[in-house]
Amino acid sequence: PLTVDIHSRSRLLGEIWLNTVISQGTGVDLVMWALRSDVAGLARVRAPELGLELGAAGLNLQSFQIFNAARPLVRASEASGSRGAVVDTRA
């Protein structure tokens, strides 16, 4: 599987973490942590639309977990990048 972790500090949405796992070429599992409750709620409301958009692109949204919380600490083995490449960028 391909795993993509995104951390954003948006002025509009606040701090958000998104973990995306793509398996078997088209299966998508998402986990989102949002510090603001309104952002987490908006994600829950818009999740079906995201599923449709991914479906139109040939992907299948298998699961989408949304937490109104900070992302839990990552184990050292996961943070080291030993299982793949790590790209750290600021936009």
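Everything numeric in this text was worked out from a predicted model, so none of it was measured.

A.B. asks: So what's going on with the overall build of the protein chain? Which residues, and what values?
C.D. replies: Of regular secondary structure, the protein chain possesses two helices and four strands. Ordered by position from the N terminus, the helices and strands of the protein chain form the series β-β-β-α-β-α. Looking at the protein chain as a whole, 20% of its 91 residues are labelled buried. Long-range pairs, those at least 24 residues apart, make up 43% of the contacts in the protein chain between residues at least 6 apart in sequence. Surface exposure of the protein chain reaches about 6,700 Å², of which carbon and sulfur atoms provide 56%.

A.B. asks: Break down helix 1 (residues 37-56) for me, citing the residues and quoting the values.
C.D. replies: Its 20 residues give helix 1 an end-to-end C-alpha distance of 29 Å, which sits within 8% of 28 Å, the value for a rise of 1.5 Å per residue. Taken as a whole, helix 1 carries its principal kink of about 50° at Arg46; the proline Pro48 stands between one and four residues after it. All of the buried residues in helix 1 are Val39, Ala40, Ala43, Ala47 and Leu54. Buried-residue contacts for helix 1 involve strand 2 (14-23), strand 3 (27-34) and strand 4 (60-67). One or two residues past the end of helix 1 sits Gly58, with phi positive at roughly 85°.

A.B. asks: Can you tell me about the nonpolar core, naming the residues and giving the values?
C.D. replies: Within the largest apolar cluster, seven residues are counted, these being Ile16, Met32, Ala34, Val39, Ala40, Ala43 and Ile66. Where this core is concerned, the elements lending two or more residues are strand 3 and helix 1. Contact partners of Met32, with chain neighbours within four places excluded, come to Ile16, Trp17, Leu18, Val39, Ala43, Phe64, Gln65, Ile66 and Phe67.

A.B. asks: Describe the sheet that holds strand 2, naming the residues involved and giving the relevant values.
C.D. replies: What the four strands build is an open sheet, ordered 1-2-3-4; its pairing is mixed. Of all strands in the sheet, those bounded by a partner on one side alone are strand 1 (2-10) and strand 4. On average, each strand axis in the sheet is inclined to that of its neighbour by 15°, with strand direction left out of account. Contacts from helix 1 reach strand 2, strand 3 and strand 4, with the element oriented near 175° to strand 4.

A.B. asks: Let's hear about the pairing of strand 4: which residues, and what values?
C.D. replies: Pairing between strand 3 and strand 4: seven bridges, direction parallel. Within strand 4, the residue paired with Met32 across the bridge is Ile66. One crossover worth recording links strand 3 to the parallel strand 4 by way of helix 1, and it is right-handed.

About the cut-offs
- Residues numbered from 1 in each chain as written.
- Predicted model: local features only at pLDDT ≥ 70, side-chain atom pairs only at ≥ 80, totals over all residues.
- Heavy atoms only, no water.
- Helix = DSSP H or I, 4+ residues; strand = E, 2+ residues; numbered from the N terminus.
- Buried < 20%, exposed > 50% of the residue type's maximum accessible area, 1.4 Å probe, protein only.
- Contact = heavy atoms within 4.5 Å.
- Areas by Shrake-Rupley, 256 points an atom, 1.4 Å probe, with all protein chains shown as cover.
- Expected span 1.5 Å × (residues − 1).
- Bend = angle between axes of the 7 residues up to and from the residue.
- Core = buried A, V, L, I, M, F, W, Y, C linked by side-chain atoms within 4.5 Å.
- Pairing = 2+ DSSP bridges.
- Axes fitted to C-alpha atoms, helices over the stretch in contact; angles between N-to-C directions.
- Right-handed = clockwise from strand over helix to strand, strands pointing away.

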